[in-house]
Amino acid sequence: MRREEKPSAVIASPAQPKTEPRRLSRREGALPAEKLPLILEVAPNADYALLDSGAGQKLEQYGPYRIVRPEGQAIWQRALPAKEWENADAVFTGDTDEEGLGRWRFPGQPLGETWPMKHDGIDYLGRFTSFRHVGVFPEQASHWDHMAGLIASAKRPVKVLNLFGYTGLASLVAARAGAEVTHVDASKKAISWARENQEMARLAERPIRWIVEDAMKFAEREERRGSRYDIVLFDPPAYGRGPKGEVWQLFEDLPALTDICRAILSPRPLAVVLTAYSIRSSFFAIHALMRDTFAGMGGRVESGELIIREQSAGRALSTSLFSRWVAA
């Protein structure tokens, strides 16, 4: 699966020596129940719509703007006529590699770097970046809704850890639902943008800690400190560097981070949600990892794909793999 990389995935910094690898051993106990495949779907709405796709591109509506971006998985033909695509407000051009830089072309009037957007009543800023993304990944809305429901139904204080948190939409949804949130990202720019979004959303008084840090190092430190969370979200890139040159390789480092996420759960945990983009793998791989890691915990592991339903012809565009452990 592929997705536009976050800025934190390509921070240029001198490589630092790796610490001693975490010693992993298979956990005892029964494997959690399982539910798969689970396909979580986002349909077109007033805030966002996948208007059409095909020929390696996608046509999207983000609030007031119609945007064209590359989409390698759209190997079918476009359903809408050319004039609908030509009516775009912004088109991403240039390098289409996962970590490549490019630029935006504005066929009509030039647009500013940012523009106001909404998700389910939460205001935030869209932004044209050189990595072709715009600051939100709409397919994640299924996870956000699920998390907000867990927080509301808990009827008690809930602590949420959002690793690789990016521009903060998940953190804002959790905070609005009543949780105390810790948001971690290796990119200072992403954290700054997330803080802007908090102000835009009029949630400045909600308890969110914004932390610029390597996700693995932060999680390890929280384990040593005895810090505990009821919900953990982690959305790692396939490859990345932390602020001090820490190297992240998903297939090498994901088992250890998943193990730490279990270790920092509270006595009454609610969920751990893993989303995996830009990897050549089946969701069965991360499903097996999550079930093994949460052996003896009870609950259920649900795994599958996040998709966006296209408005023009009703086709499903798959964006990512996911696996989540949910308490019984």
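If you're wondering where the values come from, they're calculated on a predicted model, not measured in any experiment.

(A) Geometry of the environment of Trp76. For Trp76, the location among the structural elements is in the loop between strand S4 (65-70) and helix H1 (82-86). We classify Trp76 as partly exposed; its relative accessible area is 24%. When the C-alpha positions of Trp76 and Glu139 are compared, they lie 20 Å apart, and in sequence the two are 63 residues distant. With sequence-adjacent residues up to four places away left out, Trp76 is seen in contact with Ser53, Gly54, Ala55, Glu310, Arg315, Ala316 and Leu317. Here Ser53 takes part through its side chain, which lies 2.9 Å from a polar atom of the side chain of Trp76.

(B) How the structure looks around the confidence of the model for the protein. Summarising the model, the protein shows a mean pLDDT of 91, and 92% of its residues fall at 70 or more. This stretch, residues 1-5, has a pLDDT under 50; its non-local contacts, to residues over four places away or in other chains, come to 39 contacts. Across residues 7-15 the pLDDT falls below 50, and counting only partners more than four positions away or on other chains, this stretch makes 27 contacts in the model.

(C) Just the environment of Val326, in detail. Structurally, the position occupied by Val326 is in strand S17 (residues 316-326). In this structure, the C-alpha to C-alpha distance between Val326 and Val158, residues 168 residues apart in sequence, is 15 Å.

(D) A look at the nonpolar core. Within the largest apolar cluster, 46 residues are counted, with the highest numbers of intra-cluster contacts made by Ile67, Val160 and Ile231. Ranked by size, the runner-up nonpolar core spans 33 residues in total, among them Phe164, Ala219, Val272 and Met290.

(E) Geometry of unusual backbone geometry. Looking along the chain, the bond that leaves Leu36 and enters Pro37 is cis, with omega of -10°. Mapped onto the elements of the fold, Pro37 is located in strand S1 (residues 33-42). One non-glycine residue, Lys155, lies in the positive phi region at around 55°. Of note in this structure, Phe164 is not a glycine but carries a positive phi near 55°.

(F) Local environment of the pairing of strand S8 (residues 122-127). Taken across its six residues, S8 has six buried, putting it largely inside the fold. Note: strand S7 (residues 114-119) against S8, six bridges, orientation antiparallel. Counted as the bridge partner of Met117 is Tyr124 from S8. Counting the residues between successive antiparallel strands, the hairpin from S7 to S8 contains two residues, one of them, Asp120, with a positive phi of roughly 50°.

(G) Looking closely at the sheet that holds strand S12 (residues 231-234). Overall, mixed pairing links the eight strands, which are arranged S1-S16-S17-S15-S12-S9-S10-S11 in an open sheet. With one partner strand each, in any of the chains shown, S1 and strand S11 (208-212) form the two edges of the open sheet. Averaged over all adjacent pairs, the angle separating strand axes in this sheet is 15°, with direction ignored. Sitting on the sheet, helix H6 (residues 250-263) is in contact with strand S9 (159-163), S12 and strand S15 (271-276), with an inclination near 165° to S12.

(H) How the structure looks around the packing of aromatic side chains. Within the structure shown, the criterion is met by 12 aromatic pairs. Summarising the aromatic geometry, the rings of Phe106 and Phe128 are spaced 5.3 Å apart at their centres and angled 65° between planes, so their arrangement reads as edge-to-face. Taken together, the residues span a long stretch of sequence, with Phe106 in the loop between strand S6 (102-105) and S7 and Phe128 in the loop between S8 and helix H2 (141-154) at a distance of 22 residues. The exposure class of Phe106 is partly exposed, given its relative accessible area of 25%. Its relative accessible area of 8% is what places Phe128 among the buried residues. Following the ring pairs from residue to residue traces out a cluster consisting of Tyr65, Phe92, Trp104, Phe106, Trp115 and Phe128. Its guanidinium or amino end placed over the ring of Trp193, Arg127 lies 4.6 Å from that ring's centre, counting from NZ or CZ. Here the guanidinium or amino end of Lys159 rests over the ring plane of Tyr229, the centre of that ring lying 5.3 Å away.

Cut-offs applied
- Chains are numbered independently. Their residues run from 1 in the order of the written sequence.
- The predicted nature of this model means local features are confined to residues of pLDDT at least 70 and side-chain atom pairs, given and counted, to a pLDDT of 80 or more, with totals for whole chains, interfaces and linings taken over all residues.
- Based on all heavy atoms of the structure, the side-chain values leave hydrogens and waters out of the count.
- The helix count covers DSSP runs of H or I at least four residues long, the strand count covers runs of E at least two residues long, and both are numbered beginning at the N terminus.
- Relative accessible area decides the class of each residue, using a 1.4 Å probe on protein chains only: under 20% of the type maximum gives buried, over 50% gives exposed, and in between gives partly exposed.
- For this analysis, residues touch if any pair of their heavy atoms sits within 4.5 Å.
- Within 3.5 Å is the distance limit for a polar contact, defined as a pair of N or O atoms, with the added protein rule that one can donate a hydrogen and the other accept it, and that residues adjacent in sequence qualify only through two side-chain atoms.
- By definition, pLDDT measures how confident the predictor is in each residue, and it falls between 0 and 100.
- The nonpolar core is taken to be a set of buried Ala, Val, Leu, Ile, Met, Phe, Trp, Tyr and Cys residues, with the residues joined through side-chain atoms within 4.5 Å.
- By this definition, two strands are paired if DSSP reports at least two bridges between them.
- Note on definitions: angles span 0 to 180 degrees between N-to-C directions of axes, and those axes are lines fitted to C-alpha atoms, for helices only across the stretch in contact.
- Stacked, edge-to-face and tilted labels apply to pairs of Phe, Tyr and Trp rings (six-membered ring for Trp) whose centres lie within 6.5 Å, assigned for plane angles under 30 degrees, over 60, and everything in between, in that order.
- In this analysis the charged atom, NZ for Lys or CZ for Arg, is taken to sit over a ring once it is within 6 Å of the ring centre and within 35 degrees of the ring normal.

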